[in-house]
Amino acid sequence: QVHAPLVYHEQYSFHGWPEKHTFPMDKFARTAHALVTTCRATQPDCSSLTTSRPLVNQMQDFFRPLEMEDVLTKTSWLATSDNADDAVIDATFVRRFLDAELSTEECRRIGFREQTSRPELIERTVLEVAGTVLACQLAMNFGIAANVAGGT
C-alpha cells in the first residue's frame, strides 16, 4: 500500500434514498469508485491527473470499519454515561436514535427528517462513526489516514 490508509464501507451509501434530498447519499460510493478507477489510463483527457494508476488498486484495499453489531456489542467507545457530568454524548439521544424513536424536531435538526428512522440510515451512521474512529487509530499508527465518509 503506497497511499495513506483510507477507510470505506459499502453501506456508507445505500439505495432508495430520495433523489431530491439535500443530502446526496450516493456520494460515498461515488468517491470510493473514483478512488479505484481514476487515473491517466481511465481519464486520458484530464491533464491534472499525474498518476498512471488509481490511488486505490481495488475495493479490498480500503480499511473497513467494524460492522454495526460489533460496534454496539464489542466496543466501549460508543458507551455513554448516565452521569451528565461524565457524558461525552447524550446516552438517551443515542439510544433513541438507534431505536428510531427521535422526535420530529430532533429529526429535522440533524437534517434527515422523515428518513431518520430508516434502518439503513441508522446503520450507515454507526458505520460512519466507526470509520472515523478507525481512521483516527490508523492516523496514530501511520501519521495520516482518512475516512471516505468524512468525520462524523
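Basis of the calculations
- Residues numbered from 1 in each chain as written.
- Predicted model: local features only at pLDDT ≥ 70, side-chain atom pairs only at ≥ 80, totals over all residues.
- Heavy atoms only, no water.
- Helix = DSSP H or I, 4+ residues; strand = E, 2+ residues; numbered from the N terminus.
- Buried < 20%, exposed > 50% of the residue type's maximum accessible area, 1.4 Å probe, protein only.
- Contact = heavy atoms within 4.5 Å.
- Areas by Shrake-Rupley, 256 points an atom, 1.4 Å probe, with all protein chains shown as cover.
- Phe/Tyr/Trp six-rings, centres within 6.5 Å; stacked < 30°, edge-to-face > 60°.

Participant: Explain the overall build of the protein residue by residue, including any values.
Facilitator: For the protein, the count of helices and strands is five helices and two strands. If you list the helices and strands of the protein from N to C, you get β-α-α-α-α-α-β. Across the 152 residues of the protein, 34% fall into the buried class. A sequence separation of at least 24 residues applies to 56% of the contacts in the protein between residues at least 6 apart. Carbon and sulfur atoms make up 53% of the accessible area of the protein, which amounts to about 9600 Å² in all.

Participant: Tell me what's going on with the environment of valine 7, and back it up with residues and numbers.
Facilitator: Mapped onto the secondary structure, valine 7 falls in strand β1 (residues 6–7). Given the relative accessible area of 0%, valine 7 is considered buried. For the pair valine 7 and leucine 138, spaced 131 residues apart in sequence, the C-alpha to C-alpha distance is 9.2 Å. Not counting residues up to four positions away in its chain, the partners in contact with valine 7 are Tyr12, Phe63, Pro65, Gly131, Leu134, Ala135, Leu138, Ala146, Asn147 and Val148.

Participant: Describe the packing of aromatic side chains, with residues and values.
Facilitator: Summed over all chains, the structure comprises eight aromatic pairs. Ring geometry for tyrosine 8 and phenylalanine 62: centres 5.3 Å apart, planes at 50°, overall tilted. Residue tyrosine 8 is located in the loop between β1 and α1 (27–37), and its partner phenylalanine 62 is located in the loop between α1 and α2 (68–74); the two are separated by 54 residues in the primary sequence. For the pair formed by tyrosine 8 and phenylalanine 62, the shared burial category is buried. Ring pairs connect the aromatic residues Tyr8, Tyr12, Phe14, Trp17, Phe23, Phe28, Phe62 and Phe112, which therefore count as one cluster.

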